[in-house]
Every structure is written in structure tokens, then in C-alpha cells.
Amino acid sequence: MKIAIASGKGGTGKTTIAASLARSLISFGDVWYVDCDVEAPNGHLFLNPDLKQQTRAVVRIPQIEKEKCTACGKCVEVCQFHALAKVGKTILVFPQLCHGCGSCTWNCPENAIVEVPNPIGLLERGRTDDGIEFARGVLTISEPMPTPIIRQLKKIIDPCEKATVIFDSPPGASCSVVESLRGADFALLVTEPTPFGLHDLKQILGIVDDMHIPAGVVVNRVGIGNEEVDAYLADKNIPVLLRVPFSKELATGIAAGKNLIEILPEYQQQLQNVFQKITSLVHGERS
Amino acid sequence: MIAVFSAQQDALESPVDPRFGRCAYLIKVDTESNEWEAFINPGTSQSGGAEIAAAQFVIDKKAAAVVSGDFGPNASNTFKVAGIAMFLYGSEVSTVKQAVEFFQQDKLQAFS
């Protein structure tokens, strides 16, 4: 079972829920926590993994062999990302715009393009004391493109068929979120009952709908804001799987790096219930 | 000389667009004859690399100068390699027509 935790709005509690859900499931079998928020990964603060393996994340960018290049401009024409420009007899390469798709290399009639690795960040793997398999990507500061790291991160993990894999997505509703959601059996969307929470929840619901991923919602910080999130979810028939109250006790615990279960042990059972509901929703969806 | 101006609309009376990569129109002007033609900026429809798309368009139009509110690092590096001079509108210019006159009178500030 692959569950992506996403939100739309930032700071709603994705990582709190993702890390706590991972902890709640360790007695059920293999659990993976995969931090896809590569621009600001913070799952390690809650799970304290021993990060042992480190590999580079690279994008393979074109390098033009000047003696072979006739400046025909075919590479510029086929590049969907405008990572190449033709100026007179020179082809300019803009590494930060390159997605590494290989179209330029493939289409060059002179075989004048070689691909060279351009490092954009790190892929890290490890384990927590209580046995959660942990993986994360870290985008180098100033690099603009998180998507390739997320894609590569998903390739370095090797969960067994029965494992539960939790993808902690970045906030927002852009390419990096789509990449994090890709391949997920279920999207658990964390929101807060505020106008901003609702606005951004609608965006992420649009994405999971387009991607045909069944979704449920966690409403965090219950007690602030208004009733509009509940009204909207009821109207759209979207299940609310957990409500977490706005409380000083939880906020203090989270600020100290504790997950929900460490703060209030009753969350163990509540999060296991969430998982059971997800399982039945996914199986219901398939039948 | 061919100069290209970033504009909000497809006319010489159009307000200038201070953005280069994401301006709505690029207006090509022959500064000797005052003949002009407006083009939809191919950069506006791009999700990324708008500056490069717009810069490539300016290069392909054989321009010798380009005028906008500012230029990002990708566009300015491309124009430097291409040998195309970059100029800024500044605060006194509001329409493309005015900008053309300022350009002809050498009153626009060069981008460096």
C-alpha cells in the first residue's frame, strides 16, 4: 500500500501526520517513510533515522561537441523546456532549465551531443531505531528543479509487495506534488479549517481527481477558523479520516520533535484506524 | 536597425510591458523607417524557460537591440553571446511609441 500525504497549503501538518502514521504501523509489517519534500525535508526531525547511504541525484544535461555541431538548431526546436538556444553558430545550454529528457541527443542528426551528469542534490537512505525504512531527497540550494530528485528517490527504494510506503509530499499543487503522488494508491490530504486551507485543499483535490487517486482528508487544528471545510467535504462526499484538535499540548510536543503518538498514546489506535479505513477505501475503489 | 520592444498589446500605442520573458507581445520596429510589426511572445505560453523562448525569438528576428523593463540572467547571457544590445524603459516611458522615440534619440539606459 502506497499512501501519499499531501495538502495544498503549507504548514498544515503533513509531516506530523506522515511520521506519526509511519510510527503507528510498525507492528503491522514493513513501513517505509519517503520524504519527497526535497526542497525542505523535515521528516528526519521526527523519525531520527540513521542515514547511512548517500548517492548523488543528477540530471543528464547535453554537452555540444563543437567540431561535430553544424548549428542546424534541431536540438533547440525539440527542447520543450527551452534549455537550449541557438545564437549564430553557437548552441547555448542552460543547465538549470534542463529536465534531462534526452530529446536533443536523440534528435541530433550529427551525433554532436553527449550527455554529462549535472548534480542537483542527494538521495539518502537509512533506518530508524524502531525499524522504519527511511529515504529522502535533498535538493541543493539554488537548484530550481525538485521533480527529477523525487523521481529518482522513488527508484532507489525497494519495498516488498506487502510493505506500507508513505510518501511525504511537498506543499503546493505543482509538478513536484504530482511527482510525489504518482504511483500512490491513496492520497491522504491534510488541511486546516481556514479559508486558506479550503482554497488549497480544492486545488489538491483537483489534482488527485485528475490522477484518479482516491483521497481522504485529515482536518488538523480543529477549533480554529470556520465550518467551511467540513461543509465542502460533506457536500463533495469526501471522507474525513481523522480530526486533530488545535491544542497547546500537541503544539509543544511537535515543536520538541515528538510525533503524535509520543505526545498522546491514544493516537496509536486512531492512526491505525485511519490506515484500516484507507485500506477499505482502496479495496472498495478497486472492486 | 531592428529593435524589439516588450509590450502589453499588439500596437505601437500599447503600454510597454516591463517584463521581458512573460510580456504579452514583442513589437519589432525598424528604427530607420518606423515600420513595425507585433508578434505574440512565444514565451508567455511556456511553463518554464519563457525568457529563453522570447530571447530566441528576438534573435531569429535578426534584431540588433532589445528593450524591456529588465532582463533575467538567462536572457541577458543569451543576448550578450548574440551581441544584441539591451536597453531599459526607465520611468519616463509609458508607451512603445515613446520608447521608440527615446531609442532614436539615444535616451534609453543600456542594460549591463
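Residues numbered from 1 in each chain as written. Chains lettered and ligands numbered in written order. Predicted model: local features only at pLDDT ≥ 70, side-chain atom pairs only at ≥ 80, totals over all residues. Heavy atoms only, no water.

## Overview of the sheet that holds strand E6 (residues 109–110) of chain B
Within a sheet, adjacent strands bond to each other through the backbone by hydrogen bonds, running parallel or antiparallel. All names here are of chain B. For the record, the criterion: In this analysis, strands are considered paired if DSSP registers two or more bridges between them. The helix count covers DSSP runs of H or I at least four residues long, the strand count covers runs of E at least two residues long, and both are numbered beginning at the N terminus. The contact definition used throughout considers only heavy atoms, calling two residues in contact when any of these lie within 4.5 Å. Structural elements are reduced to axes, namely lines fitted to C-alpha atoms, with helices fitted over the stretch in contact, and the angle between N-to-C directions of any two is expressed from 0 to 180 degrees.
Strand order in the open sheet made by the six strands is E3-E2-E1-E4-E5-E6, with mixed pairing throughout. Lying at the two open borders of the sheet, with one neighbouring strand each, are strand E3 (36–40) and E6. Judged from the three bridges that link them, strand E1 (residues 2–7) and strand E4 (residues 65–68) form a sheet pairing that is parallel. When the sheet's bridge partners are listed, Phe-5 is paired in E4 with Val-67. In the packing of helix H1 (residues 50–60) onto the sheet, the strands contacted are E1, strand E2 (25–30), E3 and E4, and the crossing angle to E2 comes to about 20°.

## Remarks on the sheet that holds strand E7 (residues 133–139) of chain A
All names here are of chain A. With mixed pairing, nine strands are arranged side by side in an open sheet as E3-E6-E7-E2-E8-E1-E9-E10-E11. Taken across any chain shown, the strands that pair with only one partner, and hence form the sheet edges, are strand E3 (50–64) and strand E11 (240–245). On average, adjacent strands in this sheet sit at an angle of 20° to one another, irrespective of strand direction. Relative to strand E10 (residues 215–222), strand E9 (residues 186–191) is paired through five bridges, and the arrangement is parallel. Within E10, the residue paired with Leu-189 across the bridge is Val-217. Contacting strand E2 (31–35), E3, strand E6 (113–127), E7 and strand E8 (164–168), helix H5 (residues 147–156) runs over the sheet at an angle of about 60° to E6.

## As for the pattern of salt bridges
Residues and elements named next belong to chain A. Our working definition: Whenever a carboxyl oxygen of Asp or Glu lies within 4 Å of a side-chain nitrogen of Lys or Arg, that contact is scored as a salt bridge. Only protein chains enter the accessibility calculation, which uses a 1.4 Å probe. A residue is then buried if its area is under 20% of the maximum for its type, exposed if over 50%, and partly exposed in between.
A complete count under the given rule lists 16 salt bridges over all chains for this structure. Note that Glu-179 and Arg-182 form a salt bridge whose closest N and O atoms lie 3.4 Å from each other. Look at Glu-179 and you get buried, because its relative accessible area is 6%. A relative accessible area of 47% means that Arg-182 is categorised as partly exposed. Residue Arg-221 is joined to Glu-192 by a salt bridge in which the shortest nitrogen-to-oxygen separation is 2.5 Å. In this pair, Arg-221 is assigned in strand E10 and Glu-192 in the loop between E9 and helix H7 (195–210), connecting sequence segments 29 residues apart. Residue Arg-221 is classed as partly exposed on the basis of its relative accessible area, which comes to 24%.

## What about the interface of chain B and chain A?
Using the following cut-off: Defined here as a combined quantity, buried area equals the accessible surface (1.4 Å probe) lost by two parts on assembly, summed across both. As used in this structure description, the phrase polar contact means that two N or O atoms lie within 3.5 Å; if the pair is within protein, one of them must be able to donate a hydrogen and the other to accept it, and residues adjacent in sequence are counted only when both atoms belong to side chains.
Each side of the interface is counted separately: chain B has eleven residues, and chain A has eleven residues. Summed over both partners, the interface of chain B with chain A buries about 880 Å², with 69% contributed by carbon and sulfur atoms. Contact with chain A buries area across many residues of chain B, yet Ile52(B), Gln56(B) and Val81(B) alone supply 45% of it, more than any other trio. Scanning the region where chain B abuts chain A turns up zero salt bridges. Our count for the contact surface shared by chain B and chain A stands at two residue pairs in polar contact (both at pLDDT 80 or more).

## Things to note about the packing of aromatic side chains
Residue and element names in this part refer to chain B. Defined as follows: Note on aromatic pairs: the rings of Phe, Tyr and Trp (six-membered ring only in Trp) are paired at centre separations within 6.5 Å, and the planes decide the class, stacked below 30 degrees, edge-to-face beyond 60, tilted for the rest.
A complete count under the given rule lists nine aromatic pairs over all chains for this structure. With 5.6 Å between their ring centres and 70° between their planes, Phe-20 and Phe-79 make a pair best called edge-to-face. Here Phe-79 lies in helix H2 (residues 73–82) and Phe-20 lies in the loop between E1 and E2, a separation of 59 residues in the sequence. Phe-79 shares its class with Phe-20; the two are buried. Judged by centre distance (5.3 Å) and plane angle (65°), the rings of Phe-39 and Phe-57 are edge-to-face. Pair noted here: Phe-39 is in strand E3 and Phe-57 is in helix H1, with a separation of 18 residues, a long-range link.

## Focus: empty space enclosed by the protein
Residues and elements named next belong to chain A. The criterion, for reference: Residues are called lining when one of their atoms sits within 4 Å of a cavity or pocket point, these points coming from a 1 Å grid over the protein atoms alone, where a cavity is a set in which a 1.4 Å probe fits but cannot get out and a pocket is an open set with protein on both sides within 12 Å along at least five of seven lines. Grid points are joined across faces, edges and corners, and a volume is the space filled by probe spheres set on the points.
Summed over all chains, the structure comprises three cavities of 30 Å³ or more. Of the voids in this model, the largest cavity is the one considered here, and its volume is about 110 Å³. Taken together, 18 residues form the lining of the largest cavity, with Pro-62, Cys-79, Cys-98, Cys-101 and Cys-104 sitting closest to its centre. Those elements that provide at least two residues to the lining of the largest cavity are E3 and helix H4 (103–107).

## Concerning the environment of Leu264(A)
Mapped onto the secondary structure, Leu264(A) falls in the loop between helix H10 (260–263) and helix H11 (266–286). For Leu264(A), the contacting residues outside a window of four places in its chain are Glu249(A) and Leu250(A).

It is worth stressing that arrangement in space is one thing and function is another; only the former is reported here.
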